[in-house]
Amino acid sequence: AQLQSVFDGDGWKDLFVTNGYEKDYTNMQFLKFTVDEKLKSQQTGAPLDLQLILNSMPSINEGNFLFKNNGNLSFSNTTKDWGITSKNKSSGAAFADLDNDGDQDLIINSMNSTALLYKNTMAEKKQSAFAKIDLLKNNAGTNVIGSKIKAYSPGMVQYFEFMPVRGYQSSMITPMSIGMGKSLQLDSLNITWPDGKVFDIRNVKAGSVIEPAYAENKNQTANPSDIENSVPLFGAANLIVRLDPITLAGSQRVMPG
């Protein structure tokens, strides 16, 4: 799984990548061991011990990676500096503000082991400010998945989409955190709902939790759909391709799939 979020709160989305492999069937020593076991079975007539072979397949414990977005189209490997030091095998992962301080904590699913939980200390140490936006609180029964959010601050525009599915069998129905760095407020938040309607929230202060209600927005204006104004990627093809049956050696005929 790979997750993108502003873990350090500076407004640039960092990258977290799970890593590790439970059974490395490409390991050369394992392949040699498998061949030797098959030869032994053929020579002695004893049945092949498949469980022995499976138990001999090694694992890869590389550990996970966390990369800081440098804000210039490059990333730095900050895995150890940011405290992600456990060597394990992971697949799914998610982030959420579990302690309600604004920053995003990490929850990692470890294969055949206990889950890992990493607490983010950026807000606690007051190294960055955050604001949060909760699209679910006041919108029961309203589809908000796919909503687009732009957060404006001096010299920066942050973009978010409310898509709670992240990584392998992982989901996050939680408020979204917006990193503000050392700023005390955002100039504005622009929300585009799934039906294309938009509205703005001005002067969002650090530490705020914005809970917009779609039904109560009085000044919404229709936003033309990007799909309606776009050029279709595919069109109807007039070319008809006729394929003849393929005749193999002998009399068997195979129809193309």
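Conventions and cut-offs
Residues numbered from 1 in each chain as written. Predicted model: local features only at pLDDT ≥ 70, side-chain atom pairs only at ≥ 80, totals over all residues. Heavy atoms only, no water. Helix = DSSP H or I, 4+ residues; strand = E, 2+ residues; numbered from the N terminus. Buried < 20%, exposed > 50% of the residue type's maximum accessible area, 1.4 Å probe, protein only. Contact = heavy atoms within 4.5 Å. Areas by Shrake-Rupley, 256 points an atom, 1.4 Å probe, with all protein chains shown as cover. Lys, Arg positive; Asp, Glu negative; His and termini not counted. Salt bridge = Lys/Arg side-chain N within 4 Å of Asp/Glu carboxyl O. Polar contact = N/O pair within 3.5 Å; in protein donor to acceptor, adjacent residues only side chain to side chain. Phe/Tyr/Trp six-rings, centres within 6.5 Å; stacked < 30°, edge-to-face > 60°. Pairing = 2+ DSSP bridges.

Caption draft 1: Local environment of the overall build of the protein. A tally of regular secondary structure across the protein gives two helices and 17 strands. Expressed as a percentage of its 257 residues, the buried residues of the protein come to 36%. Taking the intrachain contacts of the protein between residues at least 6 apart in sequence as the baseline, contacts between residues at least 24 apart amount to 53%. Counting only carbon and sulfur atoms, one obtains 55% of the accessible surface of the protein, whose full area is about 16400 Å².

Caption draft 2: Seen up close, the side chain of Asp 14. Position of Asp 14 relative to the elements: it lies in strand S2 (residues 14–17). Of the side chains bearing the opposite charge, Lys 68 lies closest to the buried Asp 14, which forms no salt bridge; the N-O distance is 5.1 Å. Only 3.1 Å separates the side chain of Asp 14 from the backbone nitrogen of Phe 7, close enough to count as a polar contact. From its side chain, Asp 14 meets the backbone nitrogen of Asp 8 in a polar contact 3.4 Å long. In this structure Asp 14 touches Leu 3, Gln 4, Ser 5, Val 6, Phe 7, Asp 8, Phe 67, Lys 68, Asn 69, Phe 75 and Trp 82, once residues within four positions along its chain are discounted.

Caption draft 3: Broad picture of the packing of aromatic side chains. According to the stated counting rule, one finds four aromatic pairs in the structure shown. Note on Phe 65 and Phe 67: the rings are 6.0 Å apart at their centroids and 15 degrees apart in plane angle, and the pair reads as stacked. With a relative accessible area of 28%, Phe 65 lands in the partly exposed category. Relative accessible area serves as the criterion here: at 23%, Phe 67 is assigned to the partly exposed category. An aromatic cluster of three or more residues is present, and its members are Trp 193, Phe 199 and Tyr 214.

Caption draft 4: Here's a closer look at the sheet that holds strand S14 (residues 209–210). What the three strands build is an open sheet, ordered S11-S8-S14; its pairing is mixed. Pairing within the sheet leaves two strands with one partner each, and these edge strands are strand S11 (176–181) and S14. Direction of pairing for strand S8 (residues 129–133) relative to S11: antiparallel, over a ladder of five bridges. When the bridges of S11 are listed, Ile 133 appears paired with Met 176.

Caption draft 5: How the structure looks around the environment of Pro 175. Counting through the fold element by element, Pro 175 comes out in the loop between strand S10 (156–161) and S11. By relative accessible area, which is 25% here, Pro 175 ends up partly exposed. Ignoring anything within four residues of it in the chain, the contact list for Pro 175 reads Gln 104, Lys 132, Ile 133 and Asp 134.

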